[in-house]
Amino acid sequence: MNRQKLEAELSYKFEIENLNAWFGSKQVLKNINMKIKEKAITAIIGPSGCGKTTLIRCLNRMHETVPDAKVTGRVLFNGVDVYGRDIDPVQIRRKIGMIFQKPNPFPMMSIYDNVAIGLKLNGVKDKRKVDSIVEKSLRMVGLWDEVKDELNKSGASLSGGQQQRLCIARALAVEPEVLLMDEPTSALDPISSAKIELLIRELAEDYTIIIVTHNMQQAARVSDYTAFLYLGELIEYGPTRQIFENPKNELTEKYLTGGFG
Amino acid sequence: MMDNYRIRKIKDRLMRILLWSSLIIAMIPLFSILLDVFINGARAINIDFFLLPTPTVGEKGGIANAIQGTLITLGLASIIGVPIGIMSGIFLSEYHDSKLSQPVRFINDVLSGFPSIVVGIFGYVLIASVIGFSVIAAAFSLAIIMIPIVTRTTEESLRMVPVAIREAALALGIRRWKTIIFIVLKGGRKGIVTGVLLALARIAGESAPVLVTMGYWRWWFSGLNRPASNLALNIYLFAISPFENWRTLAWGSALFLILMILGISILIRVLTRGKYE
Amino acid sequence: MTRLIDAGLEQVKNILLRMGNIAHEAISISLKGYIEGLSTYSEVQKISDILIITEEEANDKIFELIARFQPVASDLRLLKSCMKISYSLARYGRYALDISQIYEKIDGLALCEDWIRNHIIEMSEKVLKMIQISVELLNNRDINEARNLSEIEKQVDEMYFKYLDNLMDKPSTVNKCIISSVLVVRYLERIADHATYIGESIFYIVTGEKIILR
C-alpha cells in the first residue's frame, strides 16, 4: 500500500500547489492545483487569455522574466520546489525545455549552431560530443536526413515546419526531462502540424510533455491528459478521453461543444 | 462615380509629383556639393598629395601627415567610445526595467544634443590643460561625441531583435549575460555596425573640438601626448588661407575625407558581415 | 506518412480479429456439442460473455477514435463499419449460446432420424465456413470473398426452407426432435445472415458503396 502510494507519487513530474500568477495587478492564474504525470502528454486547453501559456511559463520560471510578473505558490519538479529559496532558475530551465508558438531559430546562426549553441554556452567543449548530440537531436526530430548535407546553412532558410522541428532539436540537445510546448503548430500548415504531432507522440516515450493548444482537436489527438482552463482557473483536469467523451463540468462541455459565450 | 474616380486619380498623381520633386530638391545641394568637391578635389590629387606632409607656402606638399594623424585620432577615439557606447546601449536595451535606465537614456539624449565645441572645451579643461594639446585630448573629446550615437543605435538595433529570440535562449538555460553577448548581440550586429560607422563619420568631420584640444600641427605624428595633424581641421584652416596651394589641398582633403569614410564603411561592413544575412 | 490515428485503427482491427476467432470457436463448440450430444452450455456461456465484453471494448475504442481524431472519408467509413461488425460478432456468440441452450433445455439429435442429422451437419458446415470467411475478411478485405458469402448464404437459406418443407412431409418424427432441430436450423440461418452483414460492411469499407448481399 505504502509502496504503491510512493510509486504513484514518484510518477508525477510536476505537482503544482496553490499557484497564482499576476501581470502587474492583473491576476492571470488563480489557485491552480494539478499533478502532471511523467512521460505522458498533458494538454492545456481553454479560450484565449485563460492563462494557458502563463501556466507553463510558471513551470520553468520564464514567467518572471517579464517585467511586473509575479508568482506565488509551489511548483514541485521531481519533488523539489522550483520556487525554493536556493534554486537557480537557469538550472531549472536546463531541465525543462520550451518550444514556442512561432518557430524561433536563432537568426544568423547555422542549423548546426542552432542545435549546438545550448551545449556550447553551457560549457560543453568536446567537439566530438557536440557533433554526436547535434546529430542525435536532429535525428530524433526527423530532420537529420533533410539537413545533414547543409548543416552550415542558416536556420532561417528552412521551411516553417522544419524550423519548428529544429527548435525542438535545439531544446532536446541540452537533454531536458520535460518539454513545454506553447501552441507549437499554430503557425504551421496542416501537413507540418501533423508531422509535429506525430513527433510529440514519439517524444512522449522519453519525455514529459506539456502542450498548450488553442486547438482542442489537437489536444484530443495527441494528449493523454487534458486540463481545461478558464479565466485563470483550472476547471477540469483528467484523462483526455474522459474530458472529451464525458466532461464532468458544464463549462468544459460548453467549451468543447462550441456552445461558449 | 466615374468623376470621383478621375478626381482620386488626379490627386494620386499630384501627390506623387509632389513627393518626387521634394526628393529632387533635397538631392540638389547634396549632389552639387559632391560634384564641387570631386571636380576641385580631383585637381589636387597626385602622388605627392599622398606621400608628402603639409607644405609651406608655395611649395610642393600633400596631406600624408594629416591622414596619419586623423587615422590615429579616430582609432583612439573609437577604442574609447565604441565599447562604452555599445555597453550603454546593451544596458538600455536589455535592462530596461532597471531604475537607472530612464536617467541614463535622458543623459544620453542630452549629450547627443551638445554642441561639439562645448565637448571640445570640456576635453580641453579636463585633459589638454593638464597634459597639453594632444591626440589623447582630441580622441577623448571625439569619443564623447561618439558615445551617444553608438549608444542610441545599439539600443535601437538590439530592440529590433525579437523577444522570442531572447526567450528561446533563456529557456535553453543559457545565462542572461551569455544570451546577450552570444545571441542578442549577433542579431543586432548590423544595426550596431551602422551606428558605429555613423559615429565615425560624424567625428571624422569635426574640426572645432579638434581645434581646442589638439590645435594645428603641420608635421608628422610624434606621440599620443602631442598634437597630430587632422584632415577636418586642415580643410577648415586651408580653405580660409590666402595661399593657392593650401586651398587646393583643402579641396583634395575634403575629397579624400569623403572617400576615406566611404572606404572605412565598406571595409567594416565586409569584415563584420555574418554568414547568414 | 503514418498518422496518429493509424495506431488506433490497428487496435480496433485487432480487437475485431480476436472477437472473430473467439466467435468461430464458440459456434464450433456449440454445434459440435449439439450434433454429438455433449453439454457445452457453461463453456459457451463463458466465451459468449467474453464476446459481449469485447464488443463493448471495441465500441469504446471506436468512440474514442471518433472523439479524438474526427475521422473523415475512409477512416469514418471504417469506424462506422467496425461498430456494425463488432455487433455481428457478438451475435455469433449469442447464437452459439442459444444452440447450447437448446441441447440443455430440449434435446440434441439423439431421437432424430438420420436425414435430419445429416441435413443439420451439412448446414453447420456451410455456416461455419461462412463464419470463417467473414473473420478472414476482417484481415484481407477481399471483395470477391465478400460476394462469395452471399452465394453460400443463399444455399443456407434454401436448406432452411427445404428442411421445413421436408419436416411437414414426414409427420412421423418425434416432437422433441422437431422443436430442437427447427430452432437450431433457424439459428444457423440467422448466423449466416450476420456473416453476410459482415461481408456487406467490408464491401462498404473498401468501396464506399452500400450493397445488399442477401
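Cut-offs applied
- Residues numbered from 1 in each chain as written.
- Chains lettered and ligands numbered in written order.
- Predicted model: local features only at pLDDT ≥ 70, side-chain atom pairs only at ≥ 80, totals over all residues.
- Heavy atoms only, no water.
- Helix = DSSP H or I, 4+ residues; strand = E, 2+ residues; numbered from the N terminus.
- Rg over C-alpha atoms; globule rule 2.2 N^0.38 Å.
- Buried < 20%, exposed > 50% of the residue type's maximum accessible area, 1.4 Å probe, protein only.
- Contact = heavy atoms within 4.5 Å.
- Salt bridge = Lys/Arg side-chain N within 4 Å of Asp/Glu carboxyl O.
- Core = buried A, V, L, I, M, F, W, Y, C linked by side-chain atoms within 4.5 Å.
- Domains from an automatic or database assignment.
- Pairing = 2+ DSSP bridges.
- Buried area = accessible area lost by both parts, 1.4 Å probe.
- pLDDT = per-residue confidence, 0-100.
- Axes fitted to C-alpha atoms, helices over the stretch in contact; angles between N-to-C directions.
- Disulfide = S-S within 2.5 Å.
- Polar contact = N/O pair within 3.5 Å; in protein donor to acceptor, adjacent residues only side chain to side chain.
- Nonpolar A, V, L, I, M, F, W, Y, C, P; charged D, E, K, R; others polar.
- Patch = residues over 30% accessible without salt bridge, like charges linked within 9 Å, V, L, I, M, F, W, Y side chains within 5 Å.
- Areas by Shrake-Rupley, 256 points an atom, 1.4 Å probe, with all protein chains shown as cover.
- Expected span 1.5 Å × (residues − 1).

Colleague: Explain the overall build of chain A to me, please; I cannot follow it from the model alone.
Modeller: Along its length, chain A carries 11 helices and 10 strands. Radius of gyration (C-alpha) of chain A: 19 Å, near the 18 Å computed for a compact globule of 261 residues. Taken along the three principal axes of its C-alpha coordinates, chain A extends 55 × 45 × 45 Å. In chain A, which comprises 261 residues, the proportion classed as buried is 54%.

Colleague: Looking at this structure, how should I read the overall build of chain B?
Modeller: Broken down by element type, chain B carries 12 helices and 0 strands. By its C-alpha atoms, chain B is 70 × 60 × 35 Å across when sized along the principal axes. Evaluated residue by residue, chain B yields a buried proportion of 42% over its 277 residues. The long-range share in chain B, meaning contacts at least 24 apart out of those at least 6 apart in sequence, stands at 74%.

Colleague: It is not clear to me how the pattern of salt bridges should be interpreted in this structure. Could you clarify?
Modeller: Here the structure, examined in full by the defined rule, presents 35 salt bridges over all chains. Arg165(A) is the partner of Glu146(A) in a salt bridge, and the nearest nitrogen-oxygen pair spans 3.3 Å. Of the two residues, Glu146(A) is situated in helix H6 (residues 144-147) and Arg165(A) in helix H7 (residues 160-173); the sequence distance between them amounts to 19 residues. One salt bridge connects Arg3(C) with Asp6(C), and the closest N-O pair in it is separated by 2.7 Å. When its relative accessible area of 36% is taken as the criterion, Arg3(C) is described as partly exposed.

Colleague: I'm lost on the nonpolar core in this one. Help?
Modeller: For soluble globular proteins, nonpolar side chains are generally found buried alongside one another. Of all hydrophobic cores here, the largest spans 114 residues; its most connected members are Leu138(A), Ile168(A), Ile209(A), Leu16(C), Tyr92(C) and Ile116(C). Take this core: its biggest share by element is 16 residues, from helix H1 (residues 4-36) of chain C. Ignoring anything within four residues of it in the chain, the contact list for Ile116(C) reads Leu109(C), Tyr163(C), Leu167(C), Thr173(C), Cys177(C) and Ser181(C). Ile56(A), Met62(A), Leu180(A) and Ile90(B) belong to the second largest nonpolar core, which has 86 residues in total.

Colleague: I tried to follow the domain arrangement of chain B on my own but got confused; where do I start?
Modeller: One frequently used descriptor of interface size is the decrease in accessible area upon assembly of the parts. If you check the domain split of chain B, you get domain 1 (2-42) and domain 2 (67-227). Using only C-alpha atoms to locate each centre, domain 1 of chain B and domain 2 of chain B end up separated by 35 Å.

Colleague: Even after reading the chapter, I still don't get the pairing of strand S6 (residues 96-99) of chain A, so can you show me in this structure?
Modeller: Along any regular strand the residues' side chains alternate between the sheet's two faces. Residue and element names in this part refer to chain A. Residues Ile 96 and Met 98 of S6 are buried on one face, and the alternating residues Gly 97 and Ile 99, pointing to the opposite face, are buried as well. Where S6 meets strand S7 (residues 178-182), 4 bridges bridge the pair, whose relative direction is parallel. Within S7, the position partnered with Gly 97 by the bridge is Leu 179.

Colleague: Just checking my understanding: could you explain the interface of chain C and chain A for this structure?
Modeller: With 12 residues of chain C at the interface, the matching set in chain A holds 14 residues. Taking both partners together, chain C and chain A bury about 1,100 Å²; carbon and sulfur atoms supply 63% of that area. Interface area lost by chain C to chain A is led by Met1(C), Leu4(C) and Arg68(C), which between them contribute 55%. Summed over the shared surface of chain C and chain A, the number is 2 salt bridges. Salt-bridge contacts for Arg241(A) lead to Asp60(C); the nearest nitrogen and oxygen are separated by 3.8 Å.

Colleague: I keep staring at the confidence of the model for chain B and nothing clicks. Help me out?
Modeller: Looking at chain B, the pLDDT average stands at 87 and 97% of residues meet or exceed 70. Across the interfaces of the predicted complex, the ipTM metric reaches 0.88, alongside a pTM of 0.79.

Colleague: Help me understand the arrangement of the chains, please; the structure alone is not making it clear to me.
Modeller: In this assembly, 2 pairs of chains are in contact, and the pair contributing the most contacts is chains A and B. At the C-alpha level, the nearest point of chain B lies 28 Å from chain C, with no contact between them.

Colleague: Could you clarify how one ought to interpret the sheet that holds strand S1 (residues 12-23) of chain A in this entry?
Modeller: The strands that make up a sheet are held in pairs by hydrogen bonds between backbone atoms, and each pair lies either parallel or antiparallel. Residue and element names in this part refer to chain A. The 4 strands are arranged S2-S1-S4-S5 in an open sheet whose pairing can be described as antiparallel. Each edge of the open sheet carries a strand with a single partner, namely strand S2 (26-37) and strand S5 (80-81). The strands that helix H2 (residues 52-59) touches are S1, S2 and strand S4 (69-77); relative to S1, the one it contacts most, it runs at about 120°.

Colleague: How should the state of the cysteines be read in this particular structure?
Modeller: One way to say it: the disulfide is the covalent bond shared by the sulfur atoms of two cysteines. All names here are of chain C. Scanning the model with the defined rule gives 1 disulfide over all chains in all. Here Cys 112 connects covalently by a disulfide to Cys 177, the sulfurs 1.9 Å from one another. As the torsion about the S-S bond is roughly 120°, the Cys 112-Cys 177 disulfide counts as right-handed. Here Cys 112, found in the loop between helix H3 (73-105) and helix H4 (114-140), pairs with Cys 177, found in helix H6 (residues 175-207); they are 65 residues apart in sequence, far enough to count as distant.

Colleague: Looking at this structure, how should I read the side chain of Ser78(B)?
Modeller: Looking at where Ser78(B) falls in the secondary structure, it is placed in helix H3 (residues 64-94). On the accessibility criterion, Ser78(B) (16% relative accessible area) is buried.

Colleague: Please explain the interface of chain B and chain A as it appears in this structure.
Modeller: Across the contact, 21 residues belong to chain B and 31 residues belong to chain A. Summing both sides of the interface, chain B and chain A together bury roughly 2,200 Å²; the carbon and sulfur share of this comes to 67%. At the surface where chain B touches chain A, the tally comes to 2 salt bridges. Taking the shortest distance from any N to any O, the salt bridge between Arg175(B) and Asp88(A) comes out at 2.6 Å. For the interface between chain B and chain A, the tally reads 5 residue pairs in polar contact (both at pLDDT 80 or more). Secondary structure elements with two or more residues in the side of chain B that touches chain A: helix H7 (163-171) and helix H8 (176-187) of chain B. For the side of chain B that touches chain A, the element with the highest residue contribution is H7(B), accounting for 7 residues. Taken together, the residues that form the side of chain B that touches chain A break down as 11 nonpolar, 3 polar and 7 charged.

Colleague: I'm lost on a nonpolar patch on the surface in this one. Help?
Modeller: Residue and element names in this part refer to chain B. A surface patch of nonpolar side chains, about 900 Å² in accessible area, is lined by Phe 106, Ile 107, Val 110, Phe 114, Ile 117, Val 118, Ile 121, Tyr 124, Val 125 and Phe 133. Of all the elements, helix H5 (residues 116-131) adds the most residues to the nonpolar patch, at 5 residues. Residue position: Ile 117 is located in helix H5. You can call Ile 117 partly exposed: its relative accessible area is 36%.

Colleague: I keep staring at helix H9 (residues 189-204) of chain B and nothing clicks. Help me out?
Modeller: Residues that lie three or four places apart on an α-helix share one face, since the helix turns once every 3.6 residues. Residue and element names in this part refer to chain B. Here H9 is 16 residues long and its end C-alpha atoms lie 22 Å apart, about the 22 Å a rise of 1.5 Å per residue gives. Along H9, the residues that are buried comprise Ile 192, Val 193, Gly 195, Val 196, Leu 197, Ala 199, Leu 200, Ile 203 and Ala 204. Contact partners of the buried residues in H9: H3, helix H6 (135-160), H8, helix H11 (231-239) and helix H12 (244-272).

Colleague: Honestly, the environment of Glu64(C) in this entry has me stumped. Any pointers?
Modeller: In this fold, Glu64(C) is placed in helix H2 (residues 41-69). For the pair formed by Glu64(C) and Leu183(C), sequence separation is 119 residues and the distance between their alpha carbons is 39 Å. Those residues in contact with Glu64(C) that lie beyond four places of it in its chain are Arg241(A) and Glu245(A).

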